[in-house]
Amino acid sequence: MASQTLSRIHLSKSLTPLASRALSTSIENAISTSKSSSGNPKLTYYSAWFCPFAHRTTLALERHKGHVTYEWVEALGWEKRAKTKEEIATKHENWYHFKHPDLMKHNPLGMVPTIVDGSQNVITESITAIEYVDEIVGGGDHAIMANEAHERANERVWAGVMAKTACSKYYGVLVRQTESEQLEAFGEIEASLEKFATMLPGEDDDGSKRKGSGAGPFFMGRDHPGLVDLTLFPWAWRFPVFETYRDERFKIDPTKSKGMLKYSNWLAAMCARDDVARTLPVWDEYLDHIGRYADGSARSKVANAVRDGREAHQYDDEKDDVKD
């Protein structure tokens, strides 16, 4: 596949031979998984194995396996360029994102996920892409979006809240290099997860119980993950990187509260699903990748925004673009 070859060319010219071989595993797994998809419609999916935003869409595509066919095009990677700041003294100081030329053709902003359908219509933005995939297959065997209009509206609000709090603050813990800022960001992640946990099965610390119609393990007691679950999960799976790149103070502790226990049970239920497990990168490969963010030297729109004092979701396509 051309995209696989392109990814290997870029990765191998940018990494040591050992790192190149390791990184290719997650890419090959993703491409292999996409090849086993079947059904109509047929989509071209510009993604990146390491990107949690794209991971949201991958979860939706694998949820509806058998109802949609998609071709994975590995569209982002890292390459070495000339150092831009002499005072940055990390091993990643001159590593930048490269972007697949076909991604740039369909989405000049160069962001993943980007979906192109058979009529060359382009769909972008990760949460929107989840809804799109669910809609084009009519909900498949188990719909991602809720049945009732008011429930779907509520899910969209909650998904937005999780995206701007728990997910966005992930980069504050990693990219910002001042300990006080890191701890502040982690505290906000914990508060967001506690809020999310109020909508999960079980009793909260104040004795109250979730308001919902089902008894399933997912948001609002659903039996299968919905929009909010798929929005949060890619970051929830990644939060343990804090224990490697920070310290024990940054560990999500299920014994800390009933809310954190409920959250941990939810995470375990997500990871136990086959359609979720198929989407997971190789952990050691991801740890190697995220080191570029953990030492504050990554050059991407999200990293540039956070380094500038903004939140990850507040990146500016022009100001934060990496052009040199």
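Points about the overall build of the protein
Here is step 1 of the chain: Scanning the protein for helices and strands turns up 13 helices and six strands.
Here is step 2 of the chain: For the protein, buried positions account for 55% of its 324 residues.
Here is step 3 of the chain: Summed over its atoms, the accessible surface of the protein is roughly 14,000 Å², and 51% of this surface lies on carbon and sulfur atoms.

Digging into the packing of helix α7 (residues 179-197) against helix α10 (residues 258-271)
Here is step 1 of the chain: Put simply, α7 and α10 touch, their axes get as near as 8 Å, and they point 75° apart. In terms of their interaxial angle, α7 and α10 are classed as roughly perpendicular. Across the interface between the two elements, E190, L193, E194, F196 and A197 from α7 touch G259, M260, K262, Y263 and W266 from α10.
Here is step 2 of the chain: Across the contact of α7 with α10, the residue classes tally to six nonpolar, one polar and three charged.

Remarks on the pattern of salt bridges
Here is step 1 of the chain: On inspection of all chains with the given rule, the structure shows nine salt bridges.
Here is step 2 of the chain: Taking the shortest distance from any N to any O, the salt bridge between E188 and K169 comes out at 3.2 Å. Taken together, the residues E188 in helix α7 and K169 in helix α6 (residues 149-175) connect sequence positions 19 residues apart.
Here is step 3 of the chain: For K169, a relative accessible area of 9% puts it in the buried group.
Here is step 4 of the chain: Across the pair E179 and R249 runs a salt bridge whose closest N-O atoms are separated by 2.8 Å. Pair noted here: E179 is in helix α7 and R249 is in the loop between α9 (241-245) and α10, with a separation of 70 residues, a long-range link.
Here is step 5 of the chain: Taken together, the shared-partner salt bridges in this structure form one network comprising E62, K65 and R278.

What about unusual backbone geometry?
Here is step 1 of the chain: Across the junction of V112 and P113, the peptide omega takes the value 5°, indicating a cis bond.
Here is step 2 of the chain: On the secondary structure map, P113 appears in the loop between α4 (101-106) and β5 (114-116).
Here is step 3 of the chain: Here the phi dihedral of Q120 falls at roughly 70°; this positive angle occurs in a residue that is not glycine.
Here is step 4 of the chain: One can find Q120 in the loop between β5 and β6 (122-124).
Here is step 5 of the chain: A positive phi angle, close to 60°, is found at M220, a residue other than glycine.

Looking at helix α8 (residues 227-238)
Here is step 1 of the chain: Of all 12 residues that make up α8, 12 are buried, and the element is covered over most of its length.
Here is step 2 of the chain: Listed in full, the buried residues belonging to α8 are L227, V228, D229, L230, T231, L232, F233, P234, W235, A236, W237 and R238.

Quick notes on the packing of aromatic side chains
Here is step 1 of the chain: Taken as a whole and assessed by the stated rule, the structure comprises 20 aromatic pairs.
Here is step 2 of the chain: Relative to Y70, the ring of Y45 lies with its centre 5.9 Å away and its plane at 75°, an arrangement referred to as edge-to-face. With Y45 in strand β1 (residues 42-47) and Y70 in strand β2 (residues 69-74), this pair connects stretches of sequence that are 25 residues apart. Each of the two residues, Y45 as well as Y70, counts as buried.

Brief notes about the pairing of β1
Here is step 1 of the chain: Relative to β2, β1 runs parallel, the two sharing six bridges. In the sheet register, K42 faces β2, and the bridge partner there is T69.
Here is step 2 of the chain: Taking the sense of rotation as the criterion, the β-α-β connection linking β1, helix α3 (residues 52-63) and β2 turns out right-handed.
Here is step 3 of the chain: In terms of strand pairing, β1 meets β5 through three bridges, oriented antiparallel. Looking at the pairing, Y46 lines up with T114 of β5.

Parameters at a glance
- Residues numbered from 1 in each chain as written.
- Predicted model: local features only at pLDDT ≥ 70, side-chain atom pairs only at ≥ 80, totals over all residues.
- Heavy atoms only, no water.
- Helix = DSSP H or I, 4+ residues; strand = E, 2+ residues; numbered from the N terminus.
- Buried < 20%, exposed > 50% of the residue type's maximum accessible area, 1.4 Å probe, protein only.
- Areas by Shrake-Rupley, 256 points an atom, 1.4 Å probe, with all protein chains shown as cover.
- Axes fitted to C-alpha atoms, helices over the stretch in contact; angles between N-to-C directions.
- Parallel < 35°, antiparallel > 145°, perpendicular 65-115°, else oblique.
- Contact = heavy atoms within 4.5 Å.
- Nonpolar A, V, L, I, M, F, W, Y, C, P; charged D, E, K, R; others polar.
- Salt bridge = Lys/Arg side-chain N within 4 Å of Asp/Glu carboxyl O.
- Phe/Tyr/Trp six-rings, centres within 6.5 Å; stacked < 30°, edge-to-face > 60°.
- Pairing = 2+ DSSP bridges.
- Right-handed = clockwise from strand over helix to strand, strands pointing away.

Everything listed is a geometric property; what it means functionally is a separate question.
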